[in-house]
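# Tertiary structure, described
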Amino acid sequence: MSTRKTPDQLRSQLWFGGDALRSFAHRSRTKQMGYSAEDFAGKPVIAIINTWSDLSTCHSHFRTRADEVKRGVWQAGGFPVELPGMPVNETYMKPSPMMYRNFLAMETEELLRSQPVDGAVLMGGCDKTTPGLLMGAITMNLPAIYLPAGPMLRGNWNGQVLGSGSDVWKYWAEKRAGTIGDCEWSEMEDGIARSAGHCMTMGTASTMTAIAETLGMTLPGASSIPAVDANHPRMATACGRRIVEMVWEDLKPRDILTEESFRNAITADMAIGGSTNAIIHLVALAGRAGLNLDLKTFDEISDRTPMIANIRPSGEYLMEDFYYAGGLKALLGEIRALLNLDCVTVTGQTMGQNLESARVCNAEVIRPVDNPVSRKGGTVVLHGNLAPNGAVIKPTAAEPHLLQHTGRAVVFSDYNDLAARIDDEGLPVDETSVLVLKNAGPVGGPGMPEWGMLPIPKKLLQKGVRDMVRISDARMSGTSYGACVLHVSPESYIGGPLALVRDGDLIEMDVTARKLHLHISDEEMDKRRAEWKAPPPRYERGFGALYSSHVTQADQGCDFDFLHSGADTPEPEIH
Ligand code: FES
């Protein structure tokens, strides 16, 4: 028996149906915008949540894409309404866009709840927009489909290919070392971001859109299409058509998101060499779906998953090459033996059915599993007395000789201290030192800024050093590389052990043993803890105060604690 909804069962009918005074107002006000009853009566209302703004550089094509989604919604017999969502952008938002991921999640949830909406197309791509939009939509649990912005074209400079972020960090180090000058640097500024779309390395944006696809929340193949490829607007229109059907079928996010689909997503994350940020976002997304992902799961899946995407920063190519090689669909086809193929997706079909036509067109870009870029996944979780609740590192992006390393700490109390002293000729540092940055976590940063790839001191750069062990409670850009231990939890600002490290302490990192150890006695640790004084709150009012009071630590996904407790929020009464 069909379980399709009938028009009178649409949620939007609570607003538009019947003879009540309010229904009259809702219908007449819709007509105020020039629509007639034929446009909207008895049709699924589809919210297009658009994170476009004049400062969302990665989403500059979203104004026209929203129109292309609308075209699909009209074609399928729906009524499209565009609702602007918080345009969290990685480039300009300070102190850190991570502070505003939860803001977007709350906004998405409340936009969908408070308005006459039956289903949603979520338009995002720049790092935090993917988890923010999905977290809100999962909680509200109306039919929803994710429309990824797509990567921008390859960068180009002087005949060389440039990758977002990765080549900025690389050539910035060369500029500080004096091997390139202002002229070359200025030419790169013109060539590194050539089109609409998100960063085209395997940074957080490409990682999170790939995760959204693997979770089953996008159309198959959607996440790899370059933003300016004609296939992208065609995909947008297909999203519009499909969401209308999803409303009739009543196919909702929590029908799609299961423990197995999250295991698939972690497997894909490891196979693509995804951003370390993905761990935080995946924990938060799973929490919204009522699932508990602990860091051990990541480590276990990393251990059995080869990294086969040869994309910067862990590989050589860029997302445009990945698309031409078959994209994420081809990669998932290559690792199908590691996936649960029964997971349902927004198509209404299973992952296995979606992958039937998957094929790799360039085995150098998407490697076979028996010739991977790395035998194990891209992210590893460390524990020890310095990180009782965990820390992460991306070993595939680090110099191998640093993966077992013991060195003396050179400690910076915060980012300003780091900026003031890192290039000081008198800084007691050499290539065996371990650079430590404190007070850069979720509360202390605030917002856990991407400071975790601490710069190499200039005097060491000039000696040819390009990587060192660095430890912080910050995040790092997914486009970065280096032996950077990140997300140390609990963070130093709230008194985690990182707060107790002093210059000259011996720190041991052993990636194989998953170990991060501060070589001081327990008694000395207790003594330092007793001497530690809590710093004053970062904020006394506004969103900052709400954020600081309720954000959880990195190992718990940095979601707000109150979004995980209490009974479900009821639907609004409509009077
Ligand atoms: Fe938007 Fe990198 S700045 S994805």
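Per chain, residue numbering runs from 1 following the sequence as it is written. Note on the predicted model: pLDDT of at least 70 is required for a residue's local features to be given, and 80 or more for side-chain atom pairs to be given and counted; whole-chain, interface and lining totals, by contrast, use all residues. Side-chain metrics in this entry use all non-hydrogen atoms of the structure; hydrogen atoms and water are not considered.

### Brief notes about the overall build of the protein
What counts as a helix is a DSSP run of H or I of at least four residues, what counts as a strand is a run of E of at least two, and both are numbered from the N terminus. Helix and strand counts for the protein stand at 21 helices and 14 strands. The C-alpha atoms of the protein give 24 Å as radius of gyration, which agrees with the globular expectation for 575 residues (25 Å, within 12%). Its C-alpha atoms put the protein at 80 × 55 × 45 Å along the principal axes. The cut-offs for exposure are 20% and 50% of the maximum accessible area for each residue type, with area from a 1.4 Å probe on protein chains only; residues under the lower value are buried, those over the upper are exposed, and the others partly exposed. With 575 residues in all, the protein has 59% of them scored as buried. Across the protein, 56 positive and 70 negative side-chain charges occur, with their mean positions spaced 2 Å apart. For a compact globule the rule gives 2.2 Å times the number of residues to the power 0.38, and the radius of gyration it is set against comes from C-alpha atoms. Charged residues are defined narrowly, with Lys and Arg counted positive, Asp and Glu counted negative, and His plus the chain ends left uncounted. We put the charge of a Lys on NZ, of an Arg on CZ, of an Asp on CG and of a Glu on CD.

### Some words on helix H4 (residues 62-75)
Here the expected length of a helix is defined as 1.5 Å per residue gap, with one fewer gap than residues. The end-to-end C-alpha distance of H4 is 20 Å, a good match for the 20 Å that 14 residues give at a rise of 1.5 Å each. Within the sequence span of H4, burial applies to Phe62, Arg65, Ala66, Glu68, Val69, Gly72 and Val73. Within H4, the buried residues cover an arc of 160° as seen down the axis, which keeps them to one side. On its buried face, H4 sits against strand S1 (45-50), strand S2 (79-84), strand S3 (119-124), strand S4 (144-148) and helix H10 (231-249). Backbone geometry just downstream of H4 places Gly77 in the positive-phi region, at approximately 90°. The directions considered for the arc run from the helix axis to the C-beta atoms. The contact criterion used is simple: two residues touch if any of their non-hydrogen atoms lie within 4.5 Å.

### Considerations on the nonpolar core
We call a set of buried Ala, Val, Leu, Ile, Met, Phe, Trp, Tyr and Cys residues a nonpolar core when their side-chain atoms join them within 4.5 Å. In this structure, Val121, Leu122, Phe262 and Phe298 are the most contacted members of the largest nonpolar core, which totals 89 residues. If we skip the residues at most four places from it in the chain, Val121 touches Ile46, Ala47, Ile48, Ile49, Val69, Ile145, Leu147, Cys239 and Ile243.

### A look at the packing of aromatic side chains
Here is the rule: rings of Phe, Tyr and Trp (six-membered ring for Trp) pair when centre to centre is within 6.5 Å. Planes less than 30 degrees apart are stacked, more than 60 are edge-to-face, and the remainder are tilted. Within this structure, the stated rule accounts for 16 aromatic pairs. Arranged with centres 4.8 Å apart and planes meeting at 90°, the rings of Tyr35 and Phe79 form a pair that is edge-to-face. With Tyr35 in the loop between helix H2 (21-32) and helix H3 (37-40) and Phe79 in strand S2, the pair connects residues that are 44 residues apart, well separated along the chain. Look at Tyr35 and you get partly exposed, because its relative accessible area is 27%. Taking 5.0 Å as the distance between ring centres and 70° as the angle between the ring planes, the aromatic pair formed by Phe103 and Phe543 counts as edge-to-face. Residue Phe103 is found in helix H5 (residues 101-114), and its partner Phe543 is found in helix H21 (residues 542-550); the two are separated by 440 residues along the sequence. Here Phe103 falls in the partly exposed class, since its relative accessible area comes to 30%. By way of ring pairs, the aromatic residues Tyr100, Phe103, Phe543, Tyr547, Phe560 and Phe562 are connected into one cluster. Consider the ring centre and the ring normal. A charge sits over the ring if Lys NZ or Arg CZ is within 6 Å of that centre and within 35 degrees of that normal. The ring of Trp52 has Arg63 sitting right over it, with the charged end atom 4.0 Å from the ring centre.

### Description of the sheet that holds S1
One bridge is not enough; two strands pair if DSSP finds at least two bridges between them. In space, the 4 strands of this open sheet follow the order S2-S1-S3-S4, with parallel pairing throughout. The open sheet has two edge strands with one neighbour each: S2 and S4. Mean inter-strand twist for the sheet, computed between neighbouring axes without regard to direction, equals 20°. Note that S3 and S4 share 5 bridges and pair parallel. Considered in S4, the bridge of Val121 is made with Ile145. Only the stretch in contact is used when fitting a helix axis, every axis being a line fitted to C-alpha atoms; angles between N-to-C directions are given from 0 to 180 degrees. Against the sheet, helix H6 (residues 129-140) contacts S1, S3 and S4, and its axis sits at roughly 165° relative to S3.

The values reported here are purely geometric and, on their own, carry no functional implication.
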